[in-house]
Each structure stands twice: as C-alpha cells, then as structure tokens.
Amino acid sequence: FMLHKLVSPVLAAAFFCFDVDEASPYVPLVGGEPRTDIFKDRYLRLAFIYCVNFTKLIQDALLGEGGHPGVCMPPGTAFYNESKPVYDINLTKAQWYFEHALGGEIYNNGLVMTLAYNLGNEARRVSCEIMEYYIENYIEWPEGVVVEINVEGQPWPTFLDNIRHSRLPVFFVGWLADYPDPHNWFQ
C-alpha cells in the first residue's frame, strides 16, 4: 500500500494591534511611557517584519515543510498570484525603519513590549523568538536605549480573549481553510 502525504492549507501570520486597550498589561512602553497606538505607524510594522528570518523559521519550526507566500492565501488556491513580493529578513531595512518609526521616537527612547503566542504551538513560539532575537541583538540601538522584547506563551482561552479585547500589541496566529476558495482567506 502507499501512503500519500496530505497537505493542509494552513497559514500563520503576525498581527499588529493599532490601538491596544489602555487597561491591558501588555501596553508597549516607549521611553518608559505607555503607548497604545505605536503600530499605527507603518514604518514600525515594517521594521518588525524585516526582523523575521523566514528561512530559519521554516527550517527550525516546520522542519522545512512550509512555504512563504506573498499574499494571505496558500499556493494552490484559485487565483493565487506568485508574482507578489514577500518580506524576508533584511536587517539594513529593519535598521532604517526602526530609526524612522514614529519620527525616531522608539529608536531614541527605547521600547519594552511583549510578543504573544498560544502555548503548544511551536511554530508561533519560534516566530516570536526569532523576531525578539533580531530586534534585540542585530539592530544597532543608541547607547543607553533600552529595548526589551518579551515572548510569552499563553493558554489558548487566555490568548484568544486577549486577541478579542485588543490587549496584545503583536500576536502570532494562523488559520485553516474552511473551504478551498480565495474568499475564505481574504475574509
């Protein structure tokens, strides 16, 4: 008999909350002051994404069994467009975007925040740790500026509640297709 490997259409991504609930214990600190809206800044979102080494992520967390699509649906879905660019690690770009995000406020004053994932999901844990590692160790921050990115695993019910109530500034989550149509991914 033959076993055929079935492929599940699954995608995972980093999500940025544009306005964290001000009562959340996860409100980012910029220069020691709480800031709920830092991810409204496109430059800051790009700075974070350019600190993700997708090759390492796919190799370490998915054992090489994954891909890196440029859109929010997996290859093989109707109307998938391979020509879309993908983000990948680029520390030169990340450096520039950190220096210019929020008019230089984070770069000059520092950042303390938490990246969250649901416990038991190793791919999401590794995603958070890769982002944390490159932000803390490869971005050249000015002398004396404190940048601390914490990674926190949360039980699924807590994690889901925090997402629904806009308590997490950045979180990693994914989804499975309910039906094989592009609308399922975009909606």
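Preceding this section is the structure that the text describes.
Residues numbered from 1 in each chain as written. Predicted model: local features only at pLDDT ≥ 70, side-chain atom pairs only at ≥ 80, totals over all residues. Heavy atoms only, no water.

The subject of this paragraph is the nonpolar core. Core analysis: the largest hydrophobic core is formed by 39 residues, its most contacted members being Phe48, Phe98, Ile135 and Trp141. Those elements that provide at least two residues to this core are helix H1 (42–49), helix H2 (54–62), helix H3 (91–100), helix H4 (105–109), strand E4 (111–118), helix H5 (122–137), strand E5 (147–154) and strand E6 (170–176). Looking at which element gives the most residues to this core, the answer is H5, with six residues. The contacts of phenylalanine 48, once residues within four sequence positions are left out, are Phe16, Phe39, Phe98, Leu111, Met113, Leu115, Met131, Ile135 and Ile149. Ranked by size, the runner-up nonpolar core spans six residues in total, among them Ala116, Phe159, Phe171 and Val173. (Core = buried A, V, L, I, M, F, W, Y, C linked by side-chain atoms within 4.5 Å. Buried < 20%, exposed > 50% of the residue type's maximum accessible area, 1.4 Å probe, protein only. Helix = DSSP H or I, 4+ residues; strand = E, 2+ residues; numbered from the N terminus. Contact = heavy atoms within 4.5 Å.)

This part takes up the packing of H1 against H3. At a closest axis distance of 8 Å, the pairing of H1 and H3 adopts a crossing angle of 150 degrees. In terms of orientation, H1 lies roughly antiparallel with respect to H3. Remark: the crossing between H1 and H3 carries left-handed chirality. On H3, the residues touching Tyr43, Leu44, Leu46, Ala47 and Phe48 of H1 are Ala94, Trp96, Tyr97, Phe98 and His100. Residue classes in the contact of H1 with H3 are distributed as nine nonpolar, one polar and no charged. (Axes fitted to C-alpha atoms, helices over the stretch in contact; angles between N-to-C directions. Parallel < 35°, antiparallel > 145°, perpendicular 65-115°, else oblique. Left-handed = near helix turned anticlockwise from the far one by under 90°. Nonpolar A, V, L, I, M, F, W, Y, C, P; charged D, E, K, R; others polar.)

Now for the pairing of E4. The element E4 is extensively covered by neighbouring structure, given that seven of its eight residues are classed as buried. Bridging between strand E2 (residues 29–30) and E4 involves two bridges; their strand directions are antiparallel. Bridge pairing in E4 places valine 30 opposite leucine 111. Following the chain from E4 across H5 to the adjacent parallel E5, one finds a crossover that is right-handed. In this sheet, E6 lies alongside E4 in parallel orientation, the contact comprising two bridges. Paired with alanine 116 across the two strands is phenylalanine 171, which belongs to E6. (Pairing = 2+ DSSP bridges. Right-handed = clockwise from strand over helix to strand, strands pointing away.)

Structurally, alanine 47 is set in helix H1. On the basis of relative accessible area, alanine 47 is assigned to the buried category, the value being 0%. Between the C-alpha atom of alanine 47 and that of tryptophan 141, which follows or precedes it by 94 residues, the distance is 13 Å.

Let us now look at the packing of H2 against H5. Interaxial distance between H2 and H5 falls to 9 Å at its minimum, and their mutual angle equals 140 degrees. In terms of their interaxial angle, H2 and H5 are classed as oblique. In the crossing of H2 with H5, the sense of the turn from one axis to the other is right-handed. On H5, the residues touching Lys56, Leu57, Ala61 and Leu62 of H2 are Glu122, Ala123, Val126, Ser127, Ile130 and Tyr134. Classifying every residue of the contact of H2 with H5 by side-chain character gives seven nonpolar, one polar and two charged.

Turning next to unusual backbone geometry. Most peptide bonds are trans, and most residues other than glycine sit at a negative phi. Of note in the backbone geometry, leucine 63 takes a positive phi value of approximately 55 degrees without being a glycine. Tracing the backbone through its elements, the reader meets leucine 63 in the loop between H2 and H3. Take leucine 63: its relative accessible area is 65%, and that puts it in the exposed class. Residue leucine 102 is not a glycine yet carries a positive backbone phi of 50 degrees. Inspection of the secondary structure puts leucine 102 in the loop between H3 and H4. In this structure leucine 102 comes out as buried when scored by relative accessible area, which is 18%.

Next up on the list: H3. Among all positions of H3, only Ala94, Gln95, Tyr97 and Phe98 are buried. Looking at the buried residues of H3, the elements they touch are H1, H4 and H5. Of the residues that open H3, the one with a side-chain oxygen 3.2 Å from the backbone nitrogen of threonine 92 is asparagine 90. Once H3 ends, the next one or two residues include leucine 102, with phi positive near 50 degrees. (Polar contact = N/O pair within 3.5 Å; in protein donor to acceptor, adjacent residues only side chain to side chain.)

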